[in-house]
Amino acid sequence: MAFEGLADRLQSTIKKMTGKGKVSEQDVKEMAREVRLALLEADVNFKVVKDFVKKIKERAVGTEVMESLTPGQQVIKIVKEELTALMGGEQSKIAVSERPPTVIMMVGLQGAGKTTTSGKLANLLRKKHNRKPLLVACDVYRPAAVDQLETVGKQLGIPVFSQGTEKNPVDIAKEAIEHAKAEHLDYVIVDTAGRLHVDENLMGELTQIKADINPDEIFLVVDAMTGQDAVNVAETFDSTLDITGVVLTKLDGDTRGGAALSIRAVTHKPIKFAGMGEKLDELEAFHPERMASRILG
Ligand code: GDP
């Protein structure tokens, strides 16, 4: 299960505080030390950990806890609130363009789950929001990627705009938007090319697509299992493309949680969705508070 180690450690640390009628500064110090270790072990960015622990300490030794009738409970509440804030506080919504179609550009490294997530997102928009999406195959470097998106579209009964692998992805994306307008489709989800590593060619192409189609959202798809690497990838994509949100995939796996807990703090961009499995209905809106509750039990 995701976050298992982190959840176990935080819960046992916090349990020690629960029954306390009084919390001393020494207690808070010890708790903060344990929280710090638990987060570092979960592969959370060290700067993020430092700030987080500082905040908890400040609040816990403040009057908020000392004058409370249930100091232990109060400490738990603080940790939960700060974890929620760390992951972005409020749940963040998806854009709706005033002039349809709303264009969403999906970016990310190969294998992160971009194509699957494009399908999942189209499915979610249709099912939950009653929208009419169009999937667009712009990964023209791997014929298998175009086929994969077409298969996903077929499975879902959602139209896929593809023009094989000969054409320039910028032109495909532009034509797809025109097609969506003509067909009165209200969301266009552009599945772009990925590479195994961040490289200049990829960034150049994505920058060009962005400039030409002017998307309402740019979602970076990252694999939660890759921990700190996911955070570094997010920083790089964001500095080039100014992404609008992150989709964390494979949160159903055995991730330690570092990416989920650091990405927002490092990039200041919200985590919008979480991939919870390989099936096309396994995408959820990301709720920071629910995630914090899950970690703290
Ligand atoms: P792309 O190269 O970024 O387009 O990645 P794909 O969409 O082809 O996905 C790569 C692999 O990750 C596939 O085997 C997907 O089934 C799998 N995958 C994608 N999202 C999730 C997820 O949320 N959970 C799990 N367990 N697997 C996922």
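As the structure is a computational prediction, the values presented were derived from the model and not from experiment.

Asks: Tell me about the site of the ligand, residues and numbers included.
Replies: Lining the immediate surroundings of the ligand are 18 residues, of which Gly 111, Lys 114, Thr 116, Asp 252 and Glu 278 lie closest. Measuring from an oxygen atom of the ligand, one finds a backbone N or O atom of Ala 112 at 3.3 Å. Between an oxygen atom of the ligand and a main-chain N or O atom of Gly 275, the distance comes to 3.2 Å. A total of 580 Å² of accessible area belongs to the ligand in isolation, and the protein chains cover 80% of it. Partitioned by chemical class, the residues of the shell around the ligand number three nonpolar, nine polar and six charged.

Asks: Lay out the packing of helix H1 (residues 4-18) against helix H2 (residues 25-41) with the relevant residues and their values.
Replies: As a packed pair, H1 and H2 sit with axes 9 Å apart at the nearest point and diverge in direction by 175 degrees. Accordingly, the angle class assigned to the pair H1 and H2 is roughly antiparallel. Contacts from Leu 6, Arg 9, Leu 10, Thr 13, Lys 16 and Met 17 in H1 reach Asp 27, Met 31, Glu 34, Val 35, Leu 37, Ala 38, Leu 39 and Glu 41 in H2. Residue composition of the contact of H1 with H2, by class: eight nonpolar, one polar and five charged.

Asks: Which residues make up helix H5 (residues 71-86), and what values do they have?
Replies: Compared with the 22 Å implied by 1.5 Å per residue over 16 residues, the 22 Å span of H5 between its first and last C-alpha is a close match. Among the residues making up H5, those that are buried are Pro 71, Gly 72, Gln 74, Val 75, Ile 76, Ile 78, Val 79, Glu 82, Leu 83, Thr 84 and Leu 86. Looking at the residues trailing H5, positive phi occurs at Gly 88, about 120 degrees.

Asks: Can you break down H1 residue by residue, with the values?
Replies: For H1, which comprises 15 residues, the first-to-last C-alpha distance of 21 Å matches the rise-based estimate of 21 Å (1.5 Å per residue) to within 8%. The set of residues buried in H1 consists of Leu 6, Ala 7, Leu 10, Thr 13, Ile 14 and Met 17. What you see down the axis of H1 is that its buried residues fit within an arc of 145 degrees, all on one side. In H1, those exposed residues whose orientation departs by more than 90 degrees from the buried face are Lys 15 and Lys 16.

Asks: Got a sec to walk through unusual backbone geometry? Specific residues and values, please.
Replies: With an omega of 5 degrees, the peptide bond running from Pro 100 to Pro 101 counts as cis. Along the polypeptide, Pro 101 turns up in the loop between H5 and strand S1 (102-107). Its identity as a non-glycine residue notwithstanding, Asp 43 has a phi of 70 degrees, on the positive side. Following the sequence through the fold, Asp 43 ends up in the loop between H2 and helix H3 (46-61). At His 268, a residue that is not glycine, the phi angle is positive and equals roughly 60 degrees. You can see His 268 is positioned in the loop between helix H11 (258-267) and strand S7 (271-275). Take His 268: its relative accessible area is 61%, and that puts it in the exposed class.

Asks: Describe the packing of H3 against H5, and please don't skip the residues or the numbers.
Replies: The N-to-C vectors of H3 and H5 enclose an angle of 145 degrees; their axes lie 10 Å apart at closest approach. Crossing geometry of H3 relative to H5 is assigned as right-handed. Two secondary-structure elements touch here, H3 through Val 48, Phe 52, Lys 55, Ile 56, Arg 59 and Ala 60 and H5 through Ile 78, Val 79, Glu 81, Glu 82, Leu 83 and Leu 86. Its residues assigned to classes, the contact of H3 with H5 comprises eight nonpolar, no polar and four charged.

Reading the values: the criteria
Residues numbered from 1 in each chain as written. Predicted model: local features only at pLDDT ≥ 70, side-chain atom pairs only at ≥ 80, totals over all residues. Heavy atoms only, no water. Near = heavy atom within 4 Å. Polar contact = N/O pair within 3.5 Å; in protein donor to acceptor, adjacent residues only side chain to side chain. Areas by Shrake-Rupley, 256 points an atom, 1.4 Å probe, with all protein chains shown as cover. Nonpolar A, V, L, I, M, F, W, Y, C, P; charged D, E, K, R; others polar. Axes fitted to C-alpha atoms, helices over the stretch in contact; angles between N-to-C directions. Helix = DSSP H or I, 4+ residues; strand = E, 2+ residues; numbered from the N terminus. Parallel < 35°, antiparallel > 145°, perpendicular 65-115°, else oblique. Contact = heavy atoms within 4.5 Å. Expected span 1.5 Å × (residues − 1). Buried < 20%, exposed > 50% of the residue type's maximum accessible area, 1.4 Å probe, protein only. Arc of directions from axis to C-beta. Left-handed = near helix turned anticlockwise from the far one by under 90°.

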